[in-house]
Amino acid sequence: MTTIEQPLDQPPDLTDAPGKLGDKVFGGLSKGAGILILVTLAAVAIFLLTEAWPALTGDLTVLDGGDTLIEYVGPLVFGTILAALLALVFATPMAVAVALFITHYAPKRVAQTLGSFVDLLAAIPSIVYGLWGITVLAPLLASNVYPFLDDHLSFIPFFAGPASTSGRTMLTAAVVLSVMILPIITAISREAFLQTPRLHEEASLALGATRWEMIRQAVIPYGRSSVISGAMLGLGRALGETMAVAVILSPADVYSLNLISNQNSNTIAANIALKFPESSGLEVNRLIATGLVLFVITFIVNAIARRISNSGFSGADG
Amino acid sequence: MTATMPTAPPSPSAPPDDLTVGRLAGTTHGAVIVGAGAAGSLITVALGGFKWGWALVLAAIFYIVAIYVASRIVEDRRQAINRLATAVMTMSFVIVMLPLASVVWTVASEGWARFDATFFTETMRLTPEQMASQRDGGQVGGAYHAIIGTLIVTGLAAAFSIPFGLFTAVYLVEYGRGKLARAITAMVDVMTGIPSIVAGLFAYALFVIFFGAGTRSGLAAAVALTVLMTPVVVRSAEEMLRLVPNELREASYALGVPKWKTITKVVIPTAIAGVLTGITLAIARVIGETAPLLVTAGVAQDTNLNPFSGRMTTLPVFTYNSYKFPTLPPDASIARAWSAALTLVVIVAILFTISRILAAVFKPKGL
């Protein structure tokens, strides 16, 4: 009797089999597609660099808005990070609460429907959220909330005012961004919470824990790393979000922590969308250079997210 | 639990040895809800006029405080915190649903005005008579050219990225071992994170090199969308192919079927439900992309059927442009923007429904 030398998950060597040519072609196509992924990504980096190069090396004093690239891109980076962080701060606790509500509080039958509703909301185009933000949310906040913040809390730098009457502020943009990234964070957290081992939950309840104590002891530790990587994914989305900010924000070339005034730091993506259609020459190169900066920022954020989700603590071994 | 059980029963009439002693009675809970609602409304009225929003916000705050205090008196600290948590979760859910419901409602109600036959059959190449009619507040012009543009651009992007993504997924699951596969997996992750505007800039940069500065075309837009769509297809297809049990592959090999036929006749048909669902959702994701199309395809007033040259309007860009650069008076233009937004949402919802149906129809039997 001969022993099987090849591992079982490898196909037997069919050198004379009729499918050999087909195998070669199909395998080649698959490998080619895989390599094309690498080529595409390299092409993204190379072509962006090529087109950004004149702005990275050239003399930018002929253009408005900052003599150097750093001067130009600084307020934009500031605005991008400010808007995305605010959105993250608003959205994450809400998303976790919603995910917990769907998985552990809502009736089972309703939970499924609610879950797919949240998924659908994640796919609504950003331009639609932008239109909603400028038409519904901005006037609402401008007439009800901003005057209040300006009158009573203006000692906090964030609410220094004067309050915008149009509502086209950083705070409005951040709220809309948080509404947009919330379904993403919710979907990932919900998935993780659903996978909490049933036995952990039952053990906790059997020891007399209340529902909230069970969630704190069993569900949240198990899903923590997923929630964090979901939040980072949401942050990445918020950093690159373009149209909602472009429609809502009333931009200015400033560094401003003031969230409720008419003078807001713009974001990189919105700035490109607003200026690109009318630009030409070196201006285009400069915008592409800012796009490169955005690419680097989101790359770093996503790398951190991956590291967290890969090395993530899972309740299963604790 | 019994050691910390408070002495005060929920109501004096309850018998002392009842199991409900030390638990908040349903009637008390109901009273708290009604009380909070009433208090919220009364305070709003007292502060100058009843407003739904403020009344609800105040009622919610009163409810959260009152349920905690009531539970703290009748039950114990742990139960009180549990009830507080339940109240906060439920409130958060309601708070989150409000803006989301408002988005859907606003788009539906604002978009309905121009959701008519003219909107779907006319372009923005207006005749002088139509221009005059628009100045008098007439509802003219449509998004026919934008819908055609969206179909062409998204169709091309799908034609590029579906085979591209599927073959990559097949490579990663069936062939890939070692360094190359790991590199591809990592790069797919990076690609997933590319901001859509950066994908647009890439496609622009690519086409500038071949066609000169300022070039705009539907093909460039399709390339930008391909960069965004491919990683989504790879991710979902990979996940689905990995779910196919290895026994099926082994059974096929044991019958002497070559590998490529095993993949095309056994593996992919088994996973087809998930793969098609993933593809549909990927299309739904890119069909609403605005930023990359704005920088690559631009805006045109008329239908452009040729993706290789010339500007091509798409629905998201049409929405943005009609809102941001309205005609005079702006009403007609803004009505068109909302109708285009509604069309987009309807398309996304239809794609979602299709993905659900596909998942149900092609569900493998006996797995």
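Scroll up a little and you will see the structure.
Given the structure is predicted, the values throughout are model-derived calculations rather than measurements.

J.: Can you walk me through the overall build of chain B in this structure?
T.: The helix and strand inventory of chain B stands at 14 helices and 0 strands. Helices and strands appear in chain B in the N-to-C order α-α-α-α-α-α-α-α-α-α-α-α-α-α. Here the C-alpha radius of gyration of chain B, 29 Å, is well above what a compact globule of 367 residues would show, namely 21 Å. Each of the three principal axes of chain B carries a C-alpha extent, and together these read 85 × 75 × 35 Å.

J.: I tried to follow the overall build of chain A on my own but got confused; where do I start?
T.: Helices and strands together make up the secondary structure of chain A, namely 11 helices and 2 strands. When its helices and strands are written in sequence order, chain A yields α-α-α-α-α-α-α-α-α-β-β-α-α. For 318 residues, the compact-globule formula gives about 20 Å, and the C-alpha radius of gyration of chain A, at 25 Å, lies well above that figure. Looking at chain A as a whole, 54% of its 318 residues qualify as buried. A fraction of 77% describes how many contacts in chain A between residues 6 or more apart in sequence connect residues 24 or more apart. A total of about 14400 Å² of accessible surface is found on chain A, and carbon and sulfur atoms cover 64% of it. The positive charge centre, built from 16 side chains, and the negative charge centre, built from 22, are 9 Å apart in chain A.

J.: Sorry if this is basic, but what is going on with the packing of helix α7 (residues 198-206) of chain A against helix α8 (residues 211-240) of chain A here?
T.: Angle between the axes and distance between the axes are the two parameters that describe a pair of packed helices. Residue and element names in this part refer to chain A. Between α7 and α8, the least distance of the axes is 9 Å, while the angle of their chain directions is 145°. Taken as a pair, α7 and α8 cross one another with a handedness that is right-handed. Contacts between α7 and α8 involve His 200, Glu 201, Ser 204 and Leu 205 on the former and, on the latter, Glu 213, Met 214, Gln 217, Ala 218 and Val 219. Across the contact of α7 with α8, the residue classes break down as 4 nonpolar, 3 polar and 2 charged.

J.: What is the right way to look at the pattern of salt bridges in this model?
T.: Oppositely charged side chains are able to pair whenever their charged atoms sit close together. Residue and element names in this part refer to chain A. Throughout the structure, instances matching the rule amount to 9 salt bridges over all chains. Close ionic contact of Glu 201 with Arg 198 constitutes a salt bridge, the shortest N to O distance being 3.2 Å. With Glu 201 and Arg 198 both in helix α7 and 3 residues apart, this pair spans about one turn of that helix. Note that Glu 202 is salt-bridged to Arg 198, the shortest N-O span being 3.6 Å. Of this pair, Glu 202 and Arg 198 are both found in helix α7, 4 residues apart, which corresponds to roughly one turn of the helix.

J.: What is the right way to look at the interface of chain A and chain B in this model?
T.: For an interface, size is often stated in terms of accessible area lost upon the parts coming together. Taken residue by residue, the interface counts 86 residues in chain A and 85 residues in chain B. When the two sides are added together, the surface that chain A and chain B hide from each other amounts to roughly 7500 Å², 80% of it contributed by carbon and sulfur. Along the contact surface separating chain A from chain B lie 1 salt bridge. As a salt-bridge pair, Glu 213 of chain A and Arg 78 of chain B come within 2.8 Å of each other at their nearest N and O atoms.

J.: What is the right way to look at the nonpolar core in this model?
T.: Generally speaking, a soluble globular protein has its nonpolar side chains buried in company with each other. In terms of nonpolar packing, the biggest core is built from 182 residues, with Tyr 129 and Phe 276 of chain A together with Ile 194 and Ile 197 of chain B touching the most fellow members. For this core, the element with the most residues is helix α2 (residues 69-105) of chain A, which contributes 19 residues. Among residues more than four places away in sequence, those in contact with Tyr 129 of chain A are Leu 121, Ile 124, Val 176, Val 179 and Met 180 of chain A together with Leu 100 and Val 103 of chain B.

J.: Would you mind going over helix α10 (residues 246-254) of chain B with me for this structure?
T.: Each full turn of the α-helix corresponds to 3.6 residues, which orients residues three or four apart in the same direction. Residues and elements named next belong to chain B. Regarding α10, the residues found buried are Arg 249, Ser 252 and Tyr 253. For α10, the arc enclosing every buried residue in end-on projection is 100°, short of the 170-degree limit, so these residues lie on one face. Seen from the buried face of α10, the exposed residues on the opposite side, beyond 90 degrees, are Glu 247 and Ala 254. Tucked into the core, α10 has its buried residues touching α6 (144-175), α9 (218-243) and α11 (259-287). Residue Gly 256 follows α10 closely and has a positive phi angle near 85°.

J.: What is the right way to look at the packing of aromatic side chains in this model?
T.: Geometry of an aromatic ring pair is reported as the spacing of the ring centres plus the angle between the planes. Considering all chains together, one arrives at 5 aromatic pairs over all chains under this definition. Over the ring of Tyr 72 of chain A we find Arg 286 of chain A; its NZ or CZ atom is 3.6 Å from the centre of that ring. In this structure, Lys 259 of chain B is placed above the aromatic ring of Tyr 175 of chain B, and the distance from its NZ or CZ to the ring centre is 4.6 Å.

J.: Is there a simple way to think about the packing of helix α3 (residues 77-112) of chain B against helix α14 (residues 330-361) of chain B in this case?
T.: Residues and elements named next belong to chain B. Running from N to C, α3 and α14 point in directions that differ by 125°, and their axes come no closer than 8 Å. In terms of orientation, α3 and α14 fall into the oblique class. Considering the relative orientation of α3 and α14, their crossing is left-handed. Contact residues: α3 offers Thr 106, Val 107, Ala 108, Glu 110, Gly 111 and Trp 112, while α14 offers Trp 338, Ser 339, Ala 341, Leu 342 and Val 345. Tallied by class, residues from the contact of α3 with α14 come to 7 nonpolar, 3 polar and 1 charged.

What counts, and where the lines are drawn
Residues numbered from 1 in each chain as written. Chains lettered and ligands numbered in written order. Predicted model: local features only at pLDDT ≥ 70, side-chain atom pairs only at ≥ 80, totals over all residues. Heavy atoms only, no water. Helix = DSSP H or I, 4+ residues; strand = E, 2+ residues; numbered from the N terminus. Rg over C-alpha atoms; globule rule 2.2 N^0.38 Å. Buried < 20%, exposed > 50% of the residue type's maximum accessible area, 1.4 Å probe, protein only. Contact = heavy atoms within 4.5 Å. Areas by Shrake-Rupley, 256 points an atom, 1.4 Å probe, with all protein chains shown as cover. Lys, Arg positive; Asp, Glu negative; His and termini not counted. Charge placed at Lys NZ, Arg CZ, Asp CG, Glu CD. Axes fitted to C-alpha atoms, helices over the stretch in contact; angles between N-to-C directions. Left-handed = near helix turned anticlockwise from the far one by under 90°. Nonpolar A, V, L, I, M, F, W, Y, C, P; charged D, E, K, R; others polar. Salt bridge = Lys/Arg side-chain N within 4 Å of Asp/Glu carboxyl O. Buried area = accessible area lost by both parts, 1.4 Å probe. Core = buried A, V, L, I, M, F, W, Y, C linked by side-chain atoms within 4.5 Å. Arc of directions from axis to C-beta. Phe/Tyr/Trp six-rings, centres within 6.5 Å; stacked < 30°, edge-to-face > 60°. Lys NZ or Arg CZ within 6 Å of the ring centre and 35° of its normal. Parallel < 35°, antiparallel > 145°, perpendicular 65-115°, else oblique.

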